[in-house]
Amino acid sequence: HKICKQTMSRVRKEEDQMIAVEDIFSMLESNKDIISGQYILLDFEDLKKVCELSIKRLKKGKTVINLEAPIRVVGDIHAQIGYLWKFLSDFKKGHKYLFLGDYVDRGTNSIECIMLLLCLKILHPKNFFLIRGNHESEDTTKKYGLYDECIHRYKEKGEELYKQLLIVFNYLPLAATISDKTHKKQKIFCIHGGLSPNFTKISQLEQIQLPQEVPNEGLIRDILWADPDDKIEEYAPNPQRGGEYVFGVEAVNKFLKENNVIAIFRAHQVVKYGYEYPFLNNYNNKNLLTIFSSPNYCDRCGNNGAMATVKEDLNTVFTTVEPCLFNI
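Bear in mind that the values here come from a model prediction, so they are computed numbers and not experimental data.

Enquirer: Mind showing me how you'd approach the packing of aromatic side chains here?
Expert: How two aromatic rings sit relative to each other is given by the distance of their centres and the angle of their planes. Under the counting rule described, the total for this entry stands at 16 aromatic pairs. Ring geometry for F99 versus F128: centroids 6.5 Å apart, planes at 15°, classification stacked. Taken as a pair, F99 in strand β3 (residues 97-99) and F128 in strand β4 (residues 128-130) lie far apart in primary sequence, 29 residues in all. Side by side, F99 and F128 carry an identical accessibility label, which is buried. Three or more aromatic residues joined by ring pairs make a cluster, and in this case those are F25, W85, F91, Y97, F99 and F128. One Lys or Arg, K32, reaches over the ring of W85 and ends 4.3 Å from the middle of that ring. Sitting over the ring of Y277, K286 keeps its end group 4.8 Å from the ring centre.

Enquirer: Hey, could you run me through the sheet that holds strand β12 (residues 288-291) in this one?
Expert: One open sheet holds the six strands; their spatial order is β1-β5-β6-β10-β12-β11, and the pairing between them is mixed. Two strands close off the open sheet at either side, each with one partner strand: β1 (64-68) and β11 (275-276). Direction of pairing for strand β10 (residues 263-266) relative to β12: parallel, over a ladder of three bridges. In the strand pairing of β12, I264 is matched with L288.

Enquirer: Quick question: what am I supposed to make of the nonpolar core here?
Expert: Side chains that are nonpolar tend, in soluble globular proteins, to be buried together. Ranked by internal contacts, the top residues of the largest apolar core, which has 53 residues, are L88 and F99. Counting only elements with at least two residues in this core, the list comes to α1 (2-30), α2 (44-58), α3 (81-87), β3, α4 (110-123), β4, α6 (146-154) and α7 (158-170). Tallying contributions element by element places α4 first for this core, with 10 residues. Each residue touching F99, except ones within four places of it in the same chain, is listed here: V74, I77, L84, L88, L117, F128, F129, L130 and I131. By size, the runner-up hydrophobic cluster in this structure holds 27 residues, among which are F189, V214, I220 and A226.

What counts and what doesn't
- Residues numbered from 1 in each chain as written.
- Predicted model: local features only at pLDDT ≥ 70, side-chain atom pairs only at ≥ 80, totals over all residues.
- Heavy atoms only, no water.
- Phe/Tyr/Trp six-rings, centres within 6.5 Å; stacked < 30°, edge-to-face > 60°.
- Helix = DSSP H or I, 4+ residues; strand = E, 2+ residues; numbered from the N terminus.
- Buried < 20%, exposed > 50% of the residue type's maximum accessible area, 1.4 Å probe, protein only.
- Lys NZ or Arg CZ within 6 Å of the ring centre and 35° of its normal.
- Pairing = 2+ DSSP bridges.
- Core = buried A, V, L, I, M, F, W, Y, C linked by side-chain atoms within 4.5 Å.
- Contact = heavy atoms within 4.5 Å.

This is the structure we're talking about:
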């Protein structure tokens, strides 16, 4: 009898959490035309319930998620809710989406962006997939926006909301693979930052148990912060990030061969047209793709944002969004 009551209590709690998810999503969808600097008044208790249910669902997942094409791949969002909705304009048609991290910070609507994606993940678990970016960590979010946004908008309750979001981040997968639909013999490896000399096999990530905070050094930090550099062959210290590594074309080629994958998709860096093959000009090599989905990054870069659509045979086409530089 006691076990039955506990089960009933858990069922009622999850039903209540699902109602909160639906309410938050409805609020976000009905206010999708807000402009940068405007906020949507989202109920604090509902936000907590979205986080709680997200944690429960993410606990069941893997550190490296294995997906199948066709799928749409989106890079850094950085709190730009209006542009995020542009990439999701026809999500109700049943498309699959993989997001490569950096949902928060640098923009004005971190809470709306992460909540929209968490709600979509809960409501459509077979269509929406999120991996972790370097901004989904405590040290970064305290510097670049999310923490201040939580405190500004929810006052004394903001700290509690922020801590709940940090727990969610610690359960996010670290990488994904995309296999071709027909033969399942070819794969694309997807990660937020990139490679390091500490990371040679995908199985290294598969062995990591979640939840994980982002440490000050080591494998997890490396893969979230790494950048490509076409002036080196393998690895060198990363001068722009204050640590971690940059990696060259030979590092990519060795990784592909070692792990039997045909390409690496990553985000993490602003690029002018929203997507870029970093080793194309010097090496005629398209094995590494950078995808960046935050137009006019930091309200000053003037860049496009892009989304990559990976077809069944793993060929890729791009959708670009130009920045709206003026609101009249």
